[in-house]
Amino acid sequence: MIDETLALYSDVLVYSAMAVYTLAFLAFTVDLSRQGRAVGGARASAADRESRLVPTAASPASAPAPSASTPPVLGESDSLITAGEGGDGLAGDGVGAGGGPRRAAGVAVSLTRLAVAVHAAAVLLRGLSAGRAPWGNMYEFAVTGAAVVGVVFVALLAVTSRRGLDLRYLGTFVVGPVLLTLGLAVSVLYTESARLVPALDSYWLVIHVSVAFVSSALFTIAFSASVLQLVQGRREAAVAAGRPPRRGAFMAALPPSRELDRAAYRLIAVSFPLWTFTLVAGAIWAEVAWGRYWGWDPKEVWTFIIWVVYAAYLHARSTRGWEGNRAAYLAIAGYACVLVNFGGVNVLVPGLHSYAGIG
Amino acid sequence: MADLDTRPREDAGDVRQPHLGPLGLARFAWRQLTSMRTALFLLLLLAVAAVPGSVLPQRDADPAAAARFLDENPGTGPWLDRLGLLDVYASPWFSAIYLLLFVSLVGCVLPRTRAHLAALRSRPPRTPRRLERMPEHRQDEVDGDVDQVLTAARRVLRSRRFRLRDDGDAVSAERGYLRETGNLAFHLALVGLLVAVATGGLLGYRGQVVVPVGEGFANSLSRYDTFDPGTWFDPVDLPPFRFTLDSLSVSFEESAGGNQFGQPRDFEAQVTLVRAPGDASEQVTLKVNEPISAGGAHIYLAGNGYAPVITVRDGNGDVAYSGPSVFLAQDNAYTSTGVVKVTGARPEQIGLRGTFLPTASANPEGFPVSVFPDARDPVLLLQAYTGDLGLDDGVPESVFSLDLEGLTEVTGDGGRPWLTALRPGQTAQMPDGAGSVTFERVERFAGLTVRSDPTKGAALVFAVLAMLGLVASLFVPRRRVWVRAVAGPAPGRTLVQVAGLARGEDAGLAREVEQVAAALSAPLAAGADVSTGGREH
């Protein structure tokens, strides 16, 4: 039944992918720090000139005004990307803030593509070794989930760069978690390739879980954007108050917090209907497998909580006083629930969804 | 209505306090409840309130675990129970949150539905005076007179599926009404879903029954081990099917090592089903994930285990009991426990309490345990009691436990409890001529769930509607575009303003305005004298 050679190759490929991800992570980090130094330097000198000319006001270009004073107008921040200094890193032409090509970023993206390809091959072999969808236990779920994050990120890079946007700044914050997940998978969650337990042996496993993967991957990337948004928001506030932060120069290479907010929103707006589908498909499967479509099983509860929190996020963005940072906190809380649902509920809480295959 | 109140106002002299009155207060409360801020608060509250039910054992999902929790926590347990924390999703406070949320939702959505229906029937709004203040704005000078430009604008906007309004020197256009339609459909479908779920719970039922291989089941209330009817369920609606469990094949993981070893791989039951009296019997396969449907109900394979076939001879030497007894699995290796109540034994009734080990071994401390879930080396460990089983007083008794009151433990040498270990085919004599026990062979049983939920189709329809509405409300852009044409400084030239406004997040608005502006310049420019120039790009 189980082809152990393929399973072994899969394990080797997982380790290989981790090695390449590590290199990609380093390259992204090098790029960020270079960008940060270049932009930070340019801004510092600009702010210097400005402050000598107009001692009271910070440079409008280097310090985007807090969102309260600018109306939330669409399209305006598009021009920020192309015109503002902070957007230099977004120009998608490979030209860095210092004017030179972003060689490190290019290398990082190539390495990420390679790592994702190796990673995807590992997932494929694991599935072939058991002749089924490669997400029957927590190890496989972690490895496959991380692969989907990688594939989604590489696809996003391709799509957005065609539109003149550059999401490479997210690389460190996406490849990093992918690497962490794989590390956790191989060290703690590892399980031999085997057949499914009867409860999982259904075509709904493919429908329900694959959509959950894509949705979780988008939530992951949105989470990175939301965290960066909060950090960037604090920097902007500090700069606006005339206290340029000393540390974290790489943040200067990232887009302004408003742009990060919009990136997170778009990712979540795509992910939320997918999560809704996950919920509904899961309910249909539960009806087939257990004879009820909803039974408040811990996994169902947390899937519902995640849905409610992201629903709150979407409502918050159109509620006065909740835009921006507060909404970002909700997005982060939502992702914390995703992690609880994956990690905590599988391992700690007994329930019908206890398929972890560990412990 | 408040104006009809002729009683003197008690606080008529107090002008500083704004007086709302009961109706005003109600209106104020209603406005608060239906505000987005309240909805947001209730959503977050709902998320938080759902958490404890995933951490504490819930009576609804696992009554045994809830009872065990109460036993193990005599101090805090009853308090948590009083607060509804062992039954979160049926508790008043949880219900209060989601019902308030739905009231808030309806209160918000109904006025919006009315407004949207009006908007669907009316024309787009008038053109604002100062288009340059709109989030998207382009200005251009083109060839042609004002009428030509406006005609072109109407054509361009209509082809882009805008709804139009002629507005003097301008055309006002709007598209994407589907966004609001979808949003309203999403919220109303959620209300429908809630109603469907609630009525399903009232009309449906859920029963559980354990059936040993070789035995039958006829669908009637008395046959169920547990039966959980909805409030509006009438037992005469039970579909009159019956079936016999012919076989149950079970397989477990043997090749993979580590924690995969011994995991279940396949459960498959063969059933002879008669859907209604008089119908021909049919052979059907029942598997996990593949329920049988019979007369509006579904039969699910929910569990399985061992039912050792035991024969008991009483003190007189007569066969007092013979048949399969259901032993419930306690762990992944199917170490199972069960009891046998021999009410017909004479001179005294006999109770047996035992542990069944499908693949017996001894753990390092020397205690017998099962090491594999399949029946490779089955051993039945039994203790015996004699006396009164307490079944004649009419109080319902669990078939899985002995009421030790009225029973005396059978003891062997030196007064120690008598304990026997039997392999299939073996017989043990009880001391003092109390009788004998024979372990004939091993059978399996299937745990079956029979369930009917007449509204699950409706729930699915509402869920699908909600999803479609959600997608429309997130991805259909609602946009207004205005085109204003004013005679230019030179004869035959016209100043064109194109402006756009979107509801909510809309990354494509700039492109839309850009393309409308470009389309207005292009066809007019095609027929114009290029040498006049004037346009800059």
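Note that this is a predicted model, so its numbers are computed, not measured. (Residues numbered from 1 in each chain as written. Chains lettered and ligands numbered in written order. Predicted model: local features only at pLDDT ≥ 70, side-chain atom pairs only at ≥ 80, totals over all residues. Heavy atoms only, no water.)

1. Description of the overall build of chain B
Move 1: Within chain B one finds ten helices and 24 strands.
Move 2: A principal-axis box enclosing the C-alpha atoms of chain B has dimensions of 125 × 75 × 55 Å.
Move 3: Out of the 537 residues in chain B, the part that is buried amounts to 43%.
Move 4: Considering only contacts within chain B whose residues lie at least 6 apart along the sequence, 62% involve residues at least 24 apart.
Move 5: In the structure as shown, chain B presents an accessible area of about 27,600 Å², 56% of it carried by carbon and sulfur atoms.
Move 6: Here chain B contributes 52 positive and 61 negative side-chain charges, whose respective centroids are spaced 15 Å apart. (Helix = DSSP H or I, 4+ residues; strand = E, 2+ residues; numbered from the N terminus. Buried < 20%, exposed > 50% of the residue type's maximum accessible area, 1.4 Å probe, protein only. Contact = heavy atoms within 4.5 Å. Areas by Shrake-Rupley, 256 points an atom, 1.4 Å probe, with all protein chains shown as cover. Lys, Arg positive; Asp, Glu negative; His and termini not counted. Charge placed at Lys NZ, Arg CZ, Asp CG, Glu CD.)

2. Focus on the pattern of salt bridges
Residue and element names in this part refer to chain B.
Move 1: Applying the stated criterion to the full structure yields 35 salt bridges over all chains.
Move 2: Of the charged contacts in the structure, one is a salt bridge between glutamate 514 and arginine 138, with a shortest N-O distance of 2.6 Å. Of this pair, glutamate 514 sits in helix α10 (residues 509-526) while arginine 138 is found in strand β1 (residues 136-143), placing the two residues 376 residues apart along the sequence. (Salt bridge = Lys/Arg side-chain N within 4 Å of Asp/Glu carboxyl O.)

3. Quick word on the interface of chain B and chain A
Interfaces are often sized by the accessible area lost when the parts come together.
Move 1: If you look at the interface, chain B gives 52 residues, while chain A gives 60 residues.
Move 2: Summed over both partners, the interface of chain B with chain A comes to about 4,700 Å²; 65% of that surface belongs to carbon and sulfur atoms.
Move 3: Of all residues in chain B, the largest losses of buried area upon contact with chain A belong to Arg265(B), Asn289(B) and Glu505(B), amounting jointly to 15% of the total for that side.
Move 4: A salt bridge links Glu287(A) to Lys456(B); its shortest N-O distance comes to 2.6 Å.
Move 5: Top element by residues in the side of chain B that touches chain A is helix α9 (residues 456-475) of chain B. It accounts for nine residues.
Move 6: Grouping the constituent residues of the side of chain B that touches chain A by class yields 32 nonpolar, nine polar and eleven charged. (Buried area = accessible area lost by both parts, 1.4 Å probe. Nonpolar A, V, L, I, M, F, W, Y, C, P; charged D, E, K, R; others polar.)

4. Regarding the confidence of the model for chain B
All names here are of chain B.
Move 1: Counting all residues, the mean pLDDT for chain B is 87, and 93% of those residues have values of 70 or more.
Move 2: Mean pLDDT per element in chain B: α10 is the minimum at 80, and α9 is the maximum at 95.
Move 3: In the model, residues 525-537 has pLDDT below 50 throughout and makes ten contacts with residues more than four positions away in sequence or in other chains.
Move 4: Per the prediction output, this complex has pTM 0.83; the corresponding ipTM is 0.85. (pLDDT = per-residue confidence, 0-100.)

5. Let's talk about the sheet that holds strand β2 (residues 163-167) of chain B
All names here are of chain B.
Move 1: Across the sheet, which stays open at both edges, the five strands sit in the order β1-β24-β23-β3-β2 with antiparallel pairing between neighbours. Strands with a single pairing partner mark the edges of an open sheet, and in this sheet they are β1 and β2. Between one strand and the next, the sheet's axes are offset by a mean angle of 15°, whatever the strand orientation.
Move 2: Sitting on the sheet, helix α7 (residues 146-159) touches β1, β2, β3 (170-175), β23 (478-487) and β24 (493-503), and the angle it makes with β23 is about 165°. (Pairing = 2+ DSSP bridges. Axes fitted to C-alpha atoms, helices over the stretch in contact; angles between N-to-C directions.)

6. Quick notes on the packing of aromatic side chains
Residues and elements named next belong to chain B.
Move 1: All told, the structure shown has 32 aromatic pairs over all chains when counted by the stated rule.
Move 2: Pairing tyrosine 224 with phenylalanine 227 gives two aromatic rings, centres 5.0 Å apart and planes at 45°, and the pair type is tilted.
Move 3: On the accessibility criterion, tyrosine 224 (8% relative accessible area) is buried.
Move 4: Taken together, a centroid distance of 6.2 Å and an interplanar angle of 75° make the contact between phenylalanine 252 and phenylalanine 372 edge-to-face. Separated by 120 residues along the polypeptide, phenylalanine 252 in strand β7 (residues 242-252) and phenylalanine 372 in the loop between β17 (368-370) and β18 (379-387) bring together distant segments of the chain. Of the two residues examined, phenylalanine 252 and phenylalanine 372, each falls in the buried class.
Move 5: Chaining the aromatic ring pairs together yields one cluster made of Phe252, Phe261, Phe267, Tyr306, Tyr334, Phe356, Phe372 and Phe439. (Phe/Tyr/Trp six-rings, centres within 6.5 Å; stacked < 30°, edge-to-face > 60°.)

7. Comments concerning the nonpolar core
Move 1: In this structure, Tyr21(A), Leu170(A) and Tyr313(A) are the most contacted members of the largest nonpolar core, which totals 126 residues.
Move 2: The residues touching Leu170(A), leaving out its near neighbours within four places in the chain, are Phe153(A), Ile221(A), Ser224(A), Ala225(A) and Leu228(A).
Move 3: Grouped together as the second largest cluster of nonpolar side chains are 53 residues, Phe233(B), Phe243(B), Ala294(B) and Leu301(B) included. (Core = buried A, V, L, I, M, F, W, Y, C linked by side-chain atoms within 4.5 Å.)

8. Looking at a nonpolar patch on the surface
Move 1: There is a patch of nonpolar side chains on the surface, built from Val270(A), Val471(B) and Phe475(B) and spanning about 230 Å² of accessible area.
Move 2: Val471(B) sits in the partly exposed class, given a relative accessible area of 38%. (Patch = residues over 30% accessible without salt bridge, like charges linked within 9 Å, V, L, I, M, F, W, Y side chains within 5 Å.)

9. Topic: helix α3 (residues 103-130) of chain A
Move 1: With 28 residues, α3(A) ought to run about 40 Å at 1.5 Å a step, and its terminal C-alpha atoms sit 41 Å apart, in line with that.
Move 2: Immediately beyond the C-terminal end of α3(A), within one or two residues, lies Gly131(A), with a positive phi of roughly 65°. (Expected span 1.5 Å × (residues − 1).)

10. Section: the sheet that holds β7(B)
Sheet strands pair via backbone hydrogen bonds, and the direction of the pair is either parallel or antiparallel.
Residue and element names in this part refer to chain B.
Move 1: The strand order β5-β7-β8-β9 describes an open sheet built from four strands, whose pairing is antiparallel. Looking at which strands have only one partner, the edges of the open sheet turn out to be β5 (216-218) and β9 (282-287). With direction set aside, neighbouring strand axes in the sheet form an average angle of 30°.
Move 2: Relative to β9, strand β8 (residues 264-274) runs antiparallel, the two being bridged by six bridges. In the strand pairing of β9, threonine 272 is matched with glutamine 283.

11. Some remarks on helix α4 (residues 63-72) of chain B
Residue and element names in this part refer to chain B.
Move 1: Within the span of α4, buried status applies to Ala65, Ala66 and Phe69. In a view along the axis of α4, the buried residues occupy a sector of 100°, so they form one face of it.
Move 2: Contacts made by the buried residues of α4 are with α5 (77-82). (Arc of directions from axis to C-beta.)

12. Concerning the packing of helix α8 (residues 177-203) of chain B against α9(B)
Residue and element names in this part refer to chain B.
Move 1: Relative to each other, α8 and α9 sit at 155°, their axes nearing to 7 Å. Judged by the angle between their axes, α8 and α9 are roughly antiparallel. As α8 runs across α9, the sense of the crossing is left-handed. Residues Leu178, Arg179, Gly182, Asn183, Phe186, Ala189, Leu190, Gly192, Leu193 and Ala196 of α8 touch α9, and the partners they reach there are Ala458, Ala459, Phe462, Ala463, Leu465, Ala466, Gly469, Leu470, Ala472, Ser473, Leu474 and Phe475. (Parallel < 35°, antiparallel > 145°, perpendicular 65-115°, else oblique. Left-handed = near helix turned anticlockwise from the far one by under 90°.)

13. Quick word on the confidence of the model for chain A
Move 1: Averaged over all residues, the pLDDT of chain A equals 80, while 79% of them reach at least 70.
Move 2: Residue range residues 46-99 of chain A is modelled with pLDDT below 50. Its contacts to residues more than four positions away, or to other chains, number 69 contacts.

14. Description of the environment of Trp302(A)
Move 1: Residue position: Trp302(A) is located in helix α8 (residues 298-316).
Move 2: The buried category is assigned to Trp302(A), whose relative accessible area is 10%.
Move 3: In the structure, Trp302(A) is positioned 112 residues away from Tyr190(A) in sequence and 24 Å away in space, judged by C-alpha atoms.
Move 4: In this view, Trp302(A) contacts Cys337(A), Val340(A), Asn341(A), Val345(A), Val51(B) and Ser54(B); residues no more than four positions away in its chain are not counted.

15. Thoughts on the environment of Gly296(B)
Move 1: Assignment of secondary structure puts Gly296(B) in the loop between β10 (292-294) and β11 (297-313).
Move 2: Separated by 57 residues in the primary sequence, Gly296(B) and Pro239(B) have C-alpha atoms spaced 7.1 Å apart.

16. Describing the side chain of Arg126(A)
All names here are of chain A.
Move 1: Position of arginine 126 relative to the elements: it lies in helix α3.
Move 2: Engagement of the side chain of arginine 126 in a polar contact is seen with the backbone oxygen of threonine 191, the distance being 2.7 Å.
Move 3: In this structure, arginine 126 is in contact with Ser10, Asp11, Pro134, Asn137, Tyr139, Glu140, Tyr190, Thr191, Glu192 and Ser193, ignoring residues within four places of it in sequence. (Polar contact = N/O pair within 3.5 Å; in protein donor to acceptor, adjacent residues only side chain to side chain.)

17. A word on unusual backbone geometry
All names here are of chain B.
Move 1: Going from arginine 346 to proline 347, the amide bond is cis rather than trans, its omega being 5°.
Move 2: Residue position: proline 347 is located in the loop between β14 (336-342) and β15 (349-357).
Move 3: Non-glycine residue tyrosine 334 carries a positive phi angle of around 60°.
Move 4: With respect to the helices and strands, tyrosine 334 occurs in the loop between β13 (328-329) and β14.

18. Here we look at a negative patch on the surface
All names here are of chain B.
Move 1: On the surface, a cluster of negative charge is made up of Asp388, Asp392, Asp403 and Glu405.
Move 2: Along the polypeptide, glutamate 405 turns up in the loop between β18 and β19 (407-409).
Move 3: According to the relative accessible area criterion, glutamate 405 is exposed, its value standing at 67%.

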